[in-house]
Amino acid sequence: MRTSDLIARFMAQRRALIWLGVAALAFVCIAILIARIEVDSDVINMLPSGFRSIDGLKIYDRDFEQTRELTFALHCQPQDVDKLEEFAPQFAENLRKQPWCERVLAGSPMETPEGVRDLQTIAVPLLLNLEPAAFDQTMATLQPEKIRERLHRMRLEIEAGSPRPQFELGLDPLGVIGPALKPFAEANAIEQEQPLTSPDRTLRIFLVVTNQSSLSAFECQRLMRQVNAFRAQANAGWDGGPLEVLVTGRSAYVSEISLSMRYDIVATLGSSVLLVGLVFFIGFRRWIPLLGMGFALLLSCLVALAVGLLVFGRLSMLAVGFCAILVGLGVDFAILIFGRYQQARIDGEDYQQAIATAVAKLGRAVFFGALTTAVGFLALVLSGSMGFSQLGVLIAIGIFFAGLFMCTILFLFIKPDQPPQQHDWVFEIVKKYVRWTVNRPGPMLVFSAILFLALSAIGFSPVPPLRFEASVRSLEPRNSRASQALQAIMAKMPTRWEPVLAIVRARNAQELHDDWQKVSAHWSELQKAGKLKGFTTPAALCLSPVWMEKNRQSLGKVDFQTIRTSLEQTLATEGFSRDSFSPAFKLLDELQSVANPTAPLPDWRKQLPKGAGWWFLVDRYFAKDPLLTTGFATTPEPVTMHVQSEQLGRELAVPDVPMILSGWSYTLADLQPWSHRQLLIISALMAIFDVSLLAVLYRDFRLWLLQVITLGFGLGAMMATMKLLNIHLNLLNVLSFRLVLAIGVDYGIYVVLVWQKTRELEHDVAGVIKPVILAGLTAVCGFGSLGWAHNPSLSGLGVACAIGIFWSLVATIFFTLPAMAAAKPKKWNESGPPESI
């Protein structure tokens, strides 16, 4: 028994059994969904694997505390800058009172008494971390004559009215803390180049570390609800003009992205179902089969989602668009099968015979159409991007089950005694077009060839170029408030472009110290040569046990009692109060304690107060693992091109220092060759698969050549349209070309296979053209509905695919059909089989 007859028999005679199996399958899928559903909202996971720059982003995102940092900005009108200066401390204090706030940085810690005191607490470990020669030179300042000379000079400067000695005595009364903090101050130089106040004083920045337990989507949403509630009343006490409170940061982005996913699912799936259902109803004017089609597609989505969760564990935000795409593609099979079933019923066949005829006539075409589409989407696995890999796998699974369900479950929604459609105005129009094209293919062939040749010339021509956008904004939700806040800050502070990250992991503290010493020396040479605008490293905070132990031995030779006596005598001679110099005596006590060989070496991490503003700087450099660190190199110009990232990769590297260069701008520039490769090489592989499959299917050189030309015309017209509509390529929508190749070839397969075996043009060719047109329009609707998505990568992919599929459909109907009629002519004969010429 043929497979088509077996399917027809079960659909006609075992309907209850089929319904039971469908219910069981749906129950299992829903149970898996409830138990395993987990969504990955991380933008980084949308990028391909295998790139060290992307690995660096993931490390920085996962292990560094700075990812819990929010940036607040107050933006006022130019006439209110003085009021902003007065309001800023009040705003900072309100921030500190919030339950979600752990630390606030409203200015340089050096500008506050608390910041100076906090810095003094870590002076001893930083002093011991000096190079031994520099340490000996620094300790020489504690000689009695040096102390007398220093304090006498300070008294004279104070009497002369200079404010500098007061600050110097408060921070470093003995003159040993300054040299210890010098490397630390040099590492902090970039903060001076990128201040917290804009040059025109209309923007003030506040850095906040939150206490959120994780960066999960739900935790970020919870945090941002509290932050937005604070924003709503943050300008209380402000008496100036309009005051804008801006917020940006990782948590803000994650919250917006995860919330936009909910909108994307509802908007894309809802609009896709509505548009596809409208096209189906216009074509067949049947509600019950439309419900059957929707049910089969929903079941296909459930199966694909359940299998995807079992395979991947959790799904990325990009994969949520698969339902809308699957609806637009899976309905193709319903239109083809139901259209042929309708034809069989019009011809007088009963329910079971009509099912067998529909499956027998178009089952092979549905199989190969599903195969090419599934392979096209499975090719997304080659992209290396987890998000697109998941999207490809889910759609491939869904397409397979959609083809199966449309040949089976769809018929459960068709009543056996339902009369066939008596008048089909769509089919009548299609039949007239096919008759005219078959009898006189020349006019349409010439017109379509000229049109597609012109569009292909524009599309494949380097002028105008198809522009490529390598920007992180192509990965952000549209109308993102976090993105708009960041852009506003960047506009006010143009020197604030993103530095290049250099991540260094060491096996022990000494190795970490030695690595950063080498990096700092090398980058200093690059800065002198003008290849770097600036850089900061954690070198000053990376302690060297070897240097510290050697310096401690030198410290053991110091006579601290003589130093104390000399200090007390000098204070009395110069008229200074001993109480005001209590930090100096405390420092001497600490140094004498550390000189004891049995005492543990001091660790600045344990001595720096937890609430100190300096932790903002520390968290910038050190991960949760103190042996995992990062430095920052600022380039003379923003990194936007791959040639810049290549050059930086060569110049910033240091021999024998394992380093990962990263950063969003650097990574996107690094990905440009990958994106071009996706456009050229992978699309070429898909084209080779298509033309090879067509050769096996058609076994006719002329028909094969016509189909290949049609594919080329479709791609050329697609690129021409994108150029004319100023639609740019980005790192992810370049994948649309391979999908257009995979889907666009299906329409040619449906038409050519029927043309080769047709015996009646009216029933076969005209009968398949109508479903192909409807199928193409539903695919355009399915992909086009992604244009509503807030995620630009998802909407960009949908719009590009919709354009490509539209032109592939047009090329099939208006070029392939008349070209076949000219190359393999068949004479229309309504009273009998067509005559081959």
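Note that the structure is a prediction, hence the values are computed from the model and not measured. (Residues numbered from 1 in each chain as written. Predicted model: local features only at pLDDT ≥ 70, side-chain atom pairs only at ≥ 80, totals over all residues. Heavy atoms only, no water.)

Strand order across the open sheet formed by four strands is 3-4-2-5, with antiparallel pairing between neighbours. Whereas interior strands pair on both sides, the edge strands pair on one side only; in this sheet they are strand 3 (101–105) and strand 5 (244–249). For this sheet, the mean inter-axis angle between neighbouring strands, taken without regard to orientation, is 25°. In the sheet, strand 2 (residues 69–75) pairs with strand 5 via six bridges, with the strands oriented antiparallel. Its bridge partner lying in strand 5, Ala73 is registered against Leu246. Across the sheet, helix 13 (residues 250–284) touches strand 2 and strand 5, and the angle it forms with strand 5 is around 85°. The sheet strands contacting helix 20 (residues 481–492) are strand 2, strand 4 (203–210) and strand 5, and the helix crosses strand 5 at an angle near 105°. (Pairing = 2+ DSSP bridges. Helix = DSSP H or I, 4+ residues; strand = E, 2+ residues; numbered from the N terminus. Axes fitted to C-alpha atoms, helices over the stretch in contact; angles between N-to-C directions. Contact = heavy atoms within 4.5 Å.)

If you look at the biggest cluster of nonpolar residues, it comprises 143 residues, and the most contacted ones within it are Met293, Phe322 and Phe783. Ranked by residues supplied to this core, first place goes to helix 33 (residues 792–823) with 17 residues. When residues of this core are sorted by domain, at least three fall in each of domain 1 (1–36 + 286–415) and domain 2 (433–466 + 664–837). Leaving out residues up to four positions away in the same chain, Met293 has contacts with Val276, Phe280, Val331, Ala334, Met406 and Leu410. Residues Leu174, Leu543, Ala623 and Val639 belong to the second largest nonpolar core, which totals 78 residues. (Core = buried A, V, L, I, M, F, W, Y, C linked by side-chain atoms within 4.5 Å. Buried < 20%, exposed > 50% of the residue type's maximum accessible area, 1.4 Å probe, protein only. Domains from an automatic or database assignment.)

What follows is about the domain arrangement of the chain. By a widespread convention, an interface's size corresponds to the accessible area lost as its parts come together. For the chain, the assigned domains are domain 1 (1–36 + 286–415) and domain 2 (433–466 + 664–837). Centre-to-centre separation of domain 1 and domain 2, based on C-alpha positions: 23 Å. If you look at the interface, domain 1 gives 32 residues, while domain 2 gives 40 residues. Taken over both partners, the interface formed by domain 1 and domain 2 buries close to 3,000 Å², and the fraction arising from carbon and sulfur atoms is 73%. Where domain 1 touches domain 2, the interface holds zero salt bridges. If you list the elements that add at least two residues to the side of domain 1 that touches domain 2, you get helix 15 (322–346), helix 16 (351–378) and helix 17 (386–406). (Buried area = accessible area lost by both parts, 1.4 Å probe. Salt bridge = Lys/Arg side-chain N within 4 Å of Asp/Glu carboxyl O.)

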